[in-house]
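The lines below spell out each chain.
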Amino acid sequence: MTTPAAGNPGNRPHPGNLPRTAKIAYGGDYNPEQWPDDVWDDDHRLFTRAGVDALTVGVFSWSLTEPAEGAYDFTVLDRILDRAAAEGRRAVLATGTAAVPPWLATKYPEVNRTDFEGRRHRYGQRHNFCPSSPAYRRLSTALAGRLAERYAGHPALLAWHINNEYGGACYCDLCAEAFRAWLRARHGTLDGLNDAWWTTFWSHRYTDWDQIEPPSALTEHWRGPDHTAFQGVTLDYQRFMTDALLGCFTAEKEAIRAHDPATPVTTNFMGAYRPLDYHRWAPHLDFASWDSYPPLGAPPSRPALGHDLMRGLKDGAPFWLMEQTPSTTACHDVNPLRRPGELRLATWQAIAHGADATLYFQMRASRGACEKYFGAVIGHAGRDDTRVFREVAALGEELTALGDATLGARTPARTALLFDWDSWWALEISDGPSRLVRYPDVVHAYYRAAREAGADVDVVPVTADLTGYDVVLVPVLHLVKGDLADRLEELTRRGGTVLATFLTGRSDEHDRAFLSDVPGPLAGLLGIRVDEWDARPEDVVQPVTIGASRHEARLVFEIVQPRGAEPVGTYGADFYAGTPAVTRHRFGEGEAWYVATALDRPGVDDVVRRVLARHGLIGPYADRPAVETAHRVTPDGTRLLFLLNHAPEPAPLTAHTDATDLLTGKRIERGAPLTLDPLGVAVLRLQ
């Protein structure tokens, strides 16, 4: 077993402010305000038995702590935090501002959101506030400030948790006014805006800022949010709404900082969540945290991608897994149960990818409302002999025994994948070539191929420093912005490899097509020209031959003309049979690859492994796709290798170096057999 060398972006010092814990924090969302005192007693007894040392509290407590405007009542929160401190537990204290209380929505009806169809909502649900509402901003920041004033020095306080799972959008008159102000700041003049949005099309040239409306079902859209007549305005509204909600977060953070200058502040993200560009948020968080609820039937590489994306938000610093279910969700039509061993495996996967905390939603099951069937550590009966509780307790014991062995460890990746919300939005609101191409699916295909080949991957923004990487994956980067093309050329010139895919390099930051050969600013690097592209239904399959292997391709077939690049794979059918489907261009000391179509899984694997092999990045277990590997390096230089078996049968391996398994204490010698149990985990300290 080998680990990549240090000295890359994953090992740089980070200015972030992580909560200080003696071990991986363990616990989750706790809502004792729903229960009488005797239940609190049972809860803390069971928390002790399960090794729980961290509780997230107050997430939806606004109506409790401020039952009327300006009338604060901290009695229950006082008791919650005091009890946690008395039990030796720490608390992540939420500001409770994700759901407004009924009195606020009644007194200030403009706080209620207006939806995409133009309907002003009445009170109900959560995430129900307009981010441009002065009343919401004033009252939410006042509450955050009062909480910080009261609890800044509390012995239980571990971190601040602002709001909860920010998301959604509003299209009210207040947002329209705020959007116009945002546009003035971004574009400067109406001439600049008209040029960016290409408003000479369809007689849309604006002559006054007040003429601009949010893009919605009443204005530029039809058949839903993805069908817009003007990509520029819709793209800008996505950016505006990201900034509007971010403004709510930063306002609460400033209110907290007025009373508490030191305690770390976060909010819980949702991985690859389309509505919000988390890269715009990242500088404002002290540490990244997120809630991992993979899509039904998702392979293990899906949550792994989420973990690596969250780690990439803070330049490779550890993150917190703020929520995962201990058993089942309740938000789908069908909600499968985690099988025995799956919870442990998912938790260790998060730690392997950089988590310094692993928390659950929820600690005790709610008795009523829409989450009463959502999985919980403690069920309605309050038992400690359920399978779920036993698994949670066993994992708590394991984490306690591990201690601080992984805290602060970073991932020494030499492969980067560029993830760009602007390109995601632009691609999926575009008319043509194909609405069947989904950004997360293509990104995941190339990420999965690299991870299953044994490469550690940093998922980073297009603005990231690329100097420490050998390989940069650039899947469906629809928009090319800033100096990215120059930086990719520099990486390749010095010997690195860039791998880009179809529909990359089509437009600028305003989603205006480049007035040059496709792929725009990347054409010289990639050594190709694309004049035409053929989009077909999903059932249309074109053969692609790469070397001696024959693969299948679907959806989009770009017709490539080499301009210095050499064909590596060719189409096998239609009038473009024999033309390049995969190319390689030698550029300086390195190479730039282009994949002009949506290859099947074996085809993506084939190309990605050829690229990784050039840099010696194929892992020792690349022939075992069910065995996931991940490396971390601790602050003192200790190298850790995580092995995770996602198969329901044992995985017999051979040790590639001397190591010690931190979970068992067993010493392992190079060349010795090493068998992972079904859904088994090993955490190896490498010698």
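Residues numbered from 1 in each chain as written. Predicted model: local features only at pLDDT ≥ 70, side-chain atom pairs only at ≥ 80, totals over all residues. Heavy atoms only, no water.

Draft legend 1. Here's a closer look at the packing of helix H5 (residues 134–151) against helix H8 (residues 231–257). Orientation of H5 relative to H8, taken along the N-to-C sense of each, is 35°, at an axis distance of 7 Å. Classified by chirality, the crossing of H8 by H5 is right-handed. The residues of H8 that touch H5, namely those facing Tyr136, Arg137, Ser140, Thr141, Ala144, Gly145 and Ala148, are Ala244, Gly247, Cys248, Ala251, Glu252, Ala255 and Ile256. For the contact of H5 with H8, the per-class residue count stands at 8 nonpolar, 4 polar and 2 charged. (Axes fitted to C-alpha atoms, helices over the stretch in contact; angles between N-to-C directions. Helix = DSSP H or I, 4+ residues; strand = E, 2+ residues; numbered from the N terminus. Left-handed = near helix turned anticlockwise from the far one by under 90°. Contact = heavy atoms within 4.5 Å. Nonpolar A, V, L, I, M, F, W, Y, C, P; charged D, E, K, R; others polar.)

Draft legend 2. Fine view of the confidence of the model for the protein. Taken residue by residue, the protein gives an average pLDDT of 95. The fraction at 70 or more is 98%. Between residues 1–15, whose pLDDT stays under 50, and residues either more than four places distant or in other chains, the model counts 41 contacts. (pLDDT = per-residue confidence, 0-100.)

Draft legend 3. Here's a closer look at the pattern of salt bridges. Tallying each qualifying case throughout the model produces 59 salt bridges. Residue Arg610 pairs with Asp606 through a salt bridge whose shortest N-O separation is 2.7 Å. Pair noted here: Arg610 and Asp606 are both in helix H17 (residues 601–613), with a separation of 4 residues, about one helical turn. Taking the relative accessible area as the measure of exposure, Asp606 reaches 17% and is therefore buried. Among the charged side chains, a salt-bridge network with shared partners connects Arg186, Asp236, Arg239, Asp420, Asp422, Lys481 and Glu509. (Salt bridge = Lys/Arg side-chain N within 4 Å of Asp/Glu carboxyl O. Buried < 20%, exposed > 50% of the residue type's maximum accessible area, 1.4 Å probe, protein only.)

Draft legend 4. Layout of a nonpolar patch on the surface. Together, Trp198, Phe201 and Trp202 make up an exposed nonpolar region whose accessible area comes to about 400 Å². Positionally, Trp202 belongs in the loop between helix H7 (190–197) and H8. Residue class for Trp202 comes out exposed when judged on its relative accessible area of 58%. (Patch = residues over 30% accessible without salt bridge, like charges linked within 9 Å, V, L, I, M, F, W, Y side chains within 5 Å. Areas by Shrake-Rupley, 256 points an atom, 1.4 Å probe, with all protein chains shown as cover.)

Draft legend 5. Seen up close, the side chain of Asp236. Structurally, Asp236 is set in helix H8. Judged by its relative accessible area of 1%, Asp236 falls in the buried class. Apart from residues lying up to four places away in sequence, Asp236 is in contact with Phe179, Trp182, Leu183, Arg186, His187 and Trp197.

Draft legend 6. Main features of the sheet that holds strand E4 (residues 157–161). Strands sit in the order E5-E4-E3-E2-E1-E9-E8-E7-E6 across an open sheet of 9 strands; the sheet is parallel. Because the sheet does not close on itself, it has two edges, and the strands there are strand E5 (265–266) and strand E6 (268–269). In the sheet, strand E3 (residues 90–94) pairs with E4 via 4 bridges, with the strands oriented parallel. Paired with Ala91 across the two strands is Leu157, which belongs to E4. Most of the contacts of H5 go to E4, to which it runs at about 175°, and overall it touches E3 and E4. Packed on one face of the sheet, helix H12 (residues 387–402) meets strand E1 (25–29) and strand E9 (355–360) and runs near 145° to E1. (Pairing = 2+ DSSP bridges.)

Draft legend 7. Representation of helix H10 (residues 301–313) within the structure. With 13 residues, H10 should cover 18 Å at 1.5 Å per step; its first-to-last C-alpha distance of 18 Å lies within 8% of that length. Downstream of H10 by one or two residues, Asp315 has phi in the positive range, about 55°. (Expected span 1.5 Å × (residues − 1).)

Draft legend 8. The arrangement of unusual backbone geometry in detail. Put simply, Phe361 and Gln362 share a cis peptide bond, and its omega is 10°. Summarising the element assignment, Gln362 is placed in the loop between E9 and H12. Phi at Ser203 is positive, roughly 55°, even though this residue is not glycine. Even without being glycine, Asp574 reaches a positive phi, approximately 70°. Residue placement: Asp574 occurs in the loop between strand E17 (566–571) and strand E18 (580–587). Among the residues examined, Asp574 registers a relative accessible area of 41% and is labelled partly exposed.

Draft legend 9. How the structure looks around the sheet that holds strand E25 (residues 667–668). Read from one edge of the open sheet, 5 strands run E21-E22-E27-E24-E25, paired in antiparallel fashion. Of all strands in the sheet, those with a lone pairing partner are strand E21 (627–633) and E25, marking the two edges. Set on the sheet, helix H11 (residues 342–352) makes contact with E21, strand E22 (639–645) and strand E27 (681–686); between it and E22 the angle comes to about 150°.

Draft legend 10. Local environment of the packing of H11 against H12. Taken N-terminus to C-terminus, the directions of H11 and H12 make an angle of 30°; their axes are 10 Å apart at the nearest point. Considering how the two elements wind past one another, H11 and H12 form a crossing that is right-handed. Here H11 contributes Leu343, Arg344, Thr347, Trp348 and Ile351 to the contact with H12, which in turn contributes Glu391, Val392, Leu395, Glu398, Leu399 and Leu402. Considered class by class, the residues forming the contact of H11 with H12 number 7 nonpolar, 1 polar and 3 charged.

Draft legend 11. The environment of Arg180, seen in detail. Within the secondary structure, Arg180 sits in helix H6 (residues 173–187). On the accessibility criterion, Arg180 (12% relative accessible area) is buried. The residues touching Arg180, leaving out its near neighbours within four places in the chain, are Trp209, Asp210, Ile212 and Glu213. In this structure the side chain of Arg180 is engaged in a polar contact, spanning 2.8 Å, whose partner is the backbone oxygen of Ile212. (Polar contact = N/O pair within 3.5 Å; in protein donor to acceptor, adjacent residues only side chain to side chain.)

Draft legend 12. Expanded view of a negative patch on the surface. On the surface, Asp173, Glu177, Asp208 and Asp210 cluster together into a negatively charged patch. Its relative accessible area of 67% is what places Asp173 among the exposed residues. (Lys, Arg positive; Asp, Glu negative; His and termini not counted. Charge placed at Lys NZ, Arg CZ, Asp CG, Glu CD.)

Draft legend 13. View of the packing of aromatic side chains. This structure, assessed with the given rule, holds 36 aromatic pairs. Each ring, one from Phe269 and one from Tyr278, has its centre 3.8 Å from the other, and the planes form 15°; the classification is stacked. Side by side, Phe269 and Tyr278 carry an identical accessibility label, which is buried. Taken together, Tyr166, Phe249, Phe269, Tyr273, Tyr278, Trp281, Phe419, Trp421, Trp424 and Tyr439 form an aromatic cluster joined through their ring pairs. Sitting over the ring of Phe129, Arg113 keeps its end group 5.1 Å from the ring centre. The ring of Trp533 carries the charged tip of Arg506 above its face, separated from the ring centre by 4.0 Å. (Phe/Tyr/Trp six-rings, centres within 6.5 Å; stacked < 30°, edge-to-face > 60°. Lys NZ or Arg CZ within 6 Å of the ring centre and 35° of its normal.)

Draft legend 14. A look at the pairing of strand E19 (residues 590–595). Most of E19 is tucked away: 6 of the 6 residues are buried. On E19, burial covers both faces: Gly590, Ala592 and Tyr594 on one face and Glu591, Trp593 and Val595 on the other are all buried. Relative to E19, strand E13 (residues 497–501) is paired through 5 bridges, and the arrangement is parallel. Bridge pairing links Thr497 to Glu591 in E19. Hairpin connection of E18 to E19: 2 residues between the antiparallel strands, including Gly588 at a positive phi of 60°.

Draft legend 15. Quick peek at the state of the cysteines. Using the criterion set out here, one finds 0 disulfides in the structure. Cys175 forms no disulfide, and the closest cysteine sulfur to it belongs to Cys130, at a distance of 3.6 Å. Residue classification places Cys175 among the buried residues on the basis of a relative accessible area of 0%. Here Cys248 is not disulfide-linked; the sulfur of Cys130 is the nearest cysteine sulfur, at 8.1 Å. (Disulfide = S-S within 2.5 Å.)

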